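Descriptive analysis of the structure
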Protein chains: 2
Amino acid sequence: MRLDVSTYTLDLTIPFAIARGTTSRHEICIVEIEFDGITGYGEASPSSYYNDDIEKARRFILNSSAKLGDDPFAIEKISRALLSVENYSPSGKAAIEIALFDLVGKILGKPLFKILGLSQLEPPLTSFTVGVEDLESARRRLEFLKTFPILKVKLGFGDEVGLLQFLKSETDAILRADVNEGWDTGEAIEKINMFREEFDIEFFEQPLRKEDFKGYSEIRKETDAMIIVDESVKSAADVLKWAEVVDGINIKLMKSGGILEALRMITVARSLGLKVMLGCMVESSIGISAAASLSPLVDFCDLDGNLLINNDPFDGVKAFGGKIVLTDAPGLGLKRV
Amino acid sequence: MRLDVSTYTLDLTIPFAIARGTTSRHEICIVEIEFDGITGYGEASPSSYYNDDIEKARRFILNSSAKLGDDPFAIEKISRALLSVENYSPSGKAAIEIALFDLVGKILGKPLFKILGLSQLEPPLTSFTVGVEDLESARRRLEFLKTFPILKVKLGFGDEVGLLQFLKSETDAILRADVNEGWDTGEAIEKINMFREEFDIEFFEQPLRKEDFKGYSEIRKETDAMIIVDESVKSAADVLKWAEVVDGINIKLMKSGGILEALRMITVARSLGLKVMLGCMVESSIGISAAASLSPLVDFCDLDGNLLINNDPFDGVKAFGGKIVLTDAPGLGLKRV
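Brief notes about helix H2 (residues 75-82) of chain B
Residues and elements named next belong to chain B.
- Buried residues of H2: Ile-75, Glu-76, Ile-78, Ser-79 and Leu-82, and no others. Seen along its axis, H2 keeps its buried residues to an arc of 165 degrees; they face one direction.
- Buried-residue contacts for H2 involve helix H1 (54-64), helix H3 (90-108) and helix H12 (259-271).

This is the structure we're talking about:
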């Protein structure tokens, strides 16, 4: 197999703000793995939060080339070998796994979700993330926001109550909250109970710092709200650790290091009776289409990364109106724009 | 999809004895699922120990027919639907899953282990089970037994020491012990420490009754031997429960209800750091070939079910000399004899 990697800058439709900062463009790596005249595409969308960056991802992908061999059906073996490539980049590993699964799907002439045995299962509706800095920006985008049945609202900074009030009164959407570690324990217990009562929030994602196990167990004692962790869980082993104090997990290919560990996280979470959410970074349609292929297995989707950009290099699964539509196109069903 | 089921009686080469009884023939169901001119084969090898029997399996399979639909790639959905078919038969469910995976492999033109991404991984050597009633019978078969690099010795009854002494002195095989619940706690601790020291036993399988959690935790305190449970674990949820007191699990398709739950058991066990073994009942080459397709994922194999019979209706994976050879034939690689 022959591997190529290039970098590409995604332009965000509007600047994207969460509790930790604001961004208006985002660099990704696009990977191509070619075998027998067929090309599989992968994407690395690195996040500094996971000790990852574009240069690290690019180097990891290039160094991984030697581990590929000449059998695309050896995904499990290749995935294990990637763990020993130096300067580990979770998004770089994800990119290679995504490209291999796209390639295998194209070789077999079937979409990935069918190869995984997931045909005829309806994926859950996906939320759209409201990462606006202020009420003004949400007001300007209201018409677009109203096309989504579920909105995930970034809290933990700014005028939280104002934004929730606005969305509750101006849309019919189900509201979910993503705090990105923005609260401390006391504040979290108070706000979770208040917001849940007042705005009927479906669940609260990562209210506290990612390592604050004690804080999460206190929240569990003081509220009945559904609590989901995202930053806290990167692997199936993490899921085992956090099961005791939370209700669910958010899985992202760019932190799990790809599709295989994501599938393992889903399996372990299910065995523990946890809810499972599938999320994303700011990503092109490559990463989103890969995640969407697993979406029939989960309870909640937040696969809006490719709706946040205006220069998507590929056409693939796009969840306009919250609806994930998986097609019969082979692999990830991608077409270059 | 169109389903057919028939029963077939496997004749055992020699009567097979374990701690719970002796048997010389074994009835199975053979399932055929046909779609678009292609036929997938499955097998149910029911065991009364798991509240299963041949008539129950046959009825379950017939009643499951209505859940099949017309999309072989909907394995996950069909598998879930089978859980609600009345009079659940784990081997019946396994038979349908096995037939569907064989069918999908044939549609895609690839062997199941490749579709699962397991190419280029070496399966572990498989053991051959010495289920003899007495030393005489082992002596008569010695030449055959010597062709296997690993022997799994059924203990818990008869002249345990005599049999172990004979096999240790007359063969070069690694010895494993399978007690099938035959000991009590005090006896187990004494024998495990003694046999391990004297005969270098690699691990001890199911020394105590399947529900004796307390007994297993006592064994763990009193020996360093590797302890594996078989009868205790039928599902991924069971694996979570037993992880605390044992070192590994033995998975069988006929108790897990098929390939999907077996894969989940492997994933959960791995996340918990447990060793994984893949075993079988007395089975034809259908069931053994299905299990062999997962074998690259496990540490220990005991896939000798089709070597114990003299009227195998199919040719498939046969681990003569302990070596599992996976071929490029589509699906399970079966041929009618």
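Picking up after the structure, the text goes on.
So, the nonpolar core
- Ile-33 of chain A together with Ile-33 of chain B are the most contacted members of the largest nonpolar core, which totals 228 residues.
- Those residues within four positions of Ile-33 of chain B in sequence are excluded, and the remaining contacts are Met-1, Arg-2, Leu-3, Ile-38, Thr-39, Gly-40, Leu-68, Ile-96, Ala-99, Leu-100 and Leu-103 of chain B.

Some words on the sheet that holds strand E8 (residues 227-229) of chain B
Residue and element names in this part refer to chain B.
- Strand order in this open sheet of 8 strands is E4-E5-E6-E7-E8-E9-E10-E11, and the pairing throughout is parallel. Both outer strands of the open sheet, strand E4 (128-130) and strand E11 (300-301), are each paired with one neighbouring strand and no more.
- Pairing analysis gives 2 bridges linking strand E7 (residues 204-205) to E8, with the strands arranged parallel. For Phe-204, the partnering residue across the bridge sits in E8 and is Ile-227.

Re the pattern of salt bridges
- Counted according to the given criterion, the structure contains 60 salt bridges over all chains.
- Note that Glu-34 of chain B is salt-bridged to Arg-2 of chain B, the shortest N-O span being 3.4 Å. Here Arg-2 of chain B lies in strand E1 (residues 2-18) and Glu-34 of chain B lies in strand E2 (residues 21-35), a separation of 32 residues in the sequence.
- Between Glu-97 of chain B and Lys-93 of chain B there is a salt bridge, with its nearest N and O atoms 3.0 Å apart. You can see Glu-97 of chain B and its partner Lys-93 of chain B sitting in helix H3, 4 residues apart, about one turn around the helix. Here the two residues Glu-97 of chain B and Lys-93 of chain B agree in accessibility, since each one is buried.
- One continuous salt-bridge network, built from bridges that share partners, spans Lys-152, Lys-154, Asp-178, Glu-205 and Asp-302 of chain A.

Quick word on the interface of chain A and chain B
- Each partner contributes to the interface: chain A provides 25 residues, whereas chain B provides 25 residues.
- Linking chain A with chain B are 0 salt bridges, by the criterion used here.
- The interface formed by chain A and chain B includes 12 residue pairs in polar contact (both at pLDDT 80 or more).
- At the level of secondary structure, the elements contributing two or more residues to the side of chain A that touches chain B comprise helix H2 (75-82), helix H4 (112-115), helix H10 (236-242) and helix H12 (259-271) of chain A.
- A per-class count over the side of chain A that touches chain B returns 13 nonpolar, 5 polar and 7 charged.

Some remarks on the relation of the copies chain A and chain B
- Mapping chain A onto chain B leaves a residual RMSD of 0.0 Å; the transformation is a rotation of 180 degrees accompanied by 0.0 Å of translation along its axis. What the superposition gives is, in effect, a two-fold axis relating one chain to the other.
- Looking at the interface residues of chain A, 100% of them are also at the interface in chain B, so both copies use one shared face.

As for the packing of aromatic side chains
- Within this structure, the stated rule accounts for 24 aromatic pairs over all chains.
- Their ring planes at 55 degrees and their centres at 4.8 Å tell us that Tyr-41 of chain B and Phe-314 of chain B sit as a pair that is tilted. One end of the pair, Tyr-41 of chain B, is in strand E3 (residues 38-44); the other, Phe-314 of chain B, is in strand E12 (residues 314-315), with 273 residues separating them in the sequence.
- Put simply, the rings of Trp-183, Phe-195, Phe-199 and Phe-204 of chain A pair up and form one aromatic cluster.

Conventions used here
Residues numbered from 1 in each chain as written. Chains lettered and ligands numbered in written order. Predicted model: local features only at pLDDT ≥ 70, side-chain atom pairs only at ≥ 80, totals over all residues. Heavy atoms only, no water. Buried < 20%, exposed > 50% of the residue type's maximum accessible area, 1.4 Å probe, protein only. Helix = DSSP H or I, 4+ residues; strand = E, 2+ residues; numbered from the N terminus. Arc of directions from axis to C-beta. Contact = heavy atoms within 4.5 Å. Core = buried A, V, L, I, M, F, W, Y, C linked by side-chain atoms within 4.5 Å. Pairing = 2+ DSSP bridges. Salt bridge = Lys/Arg side-chain N within 4 Å of Asp/Glu carboxyl O. Polar contact = N/O pair within 3.5 Å; in protein donor to acceptor, adjacent residues only side chain to side chain. Nonpolar A, V, L, I, M, F, W, Y, C, P; charged D, E, K, R; others polar. Least-squares fit on C-alpha atoms with pLDDT ≥ 70 in both. Phe/Tyr/Trp six-rings, centres within 6.5 Å; stacked < 30°, edge-to-face > 60°.

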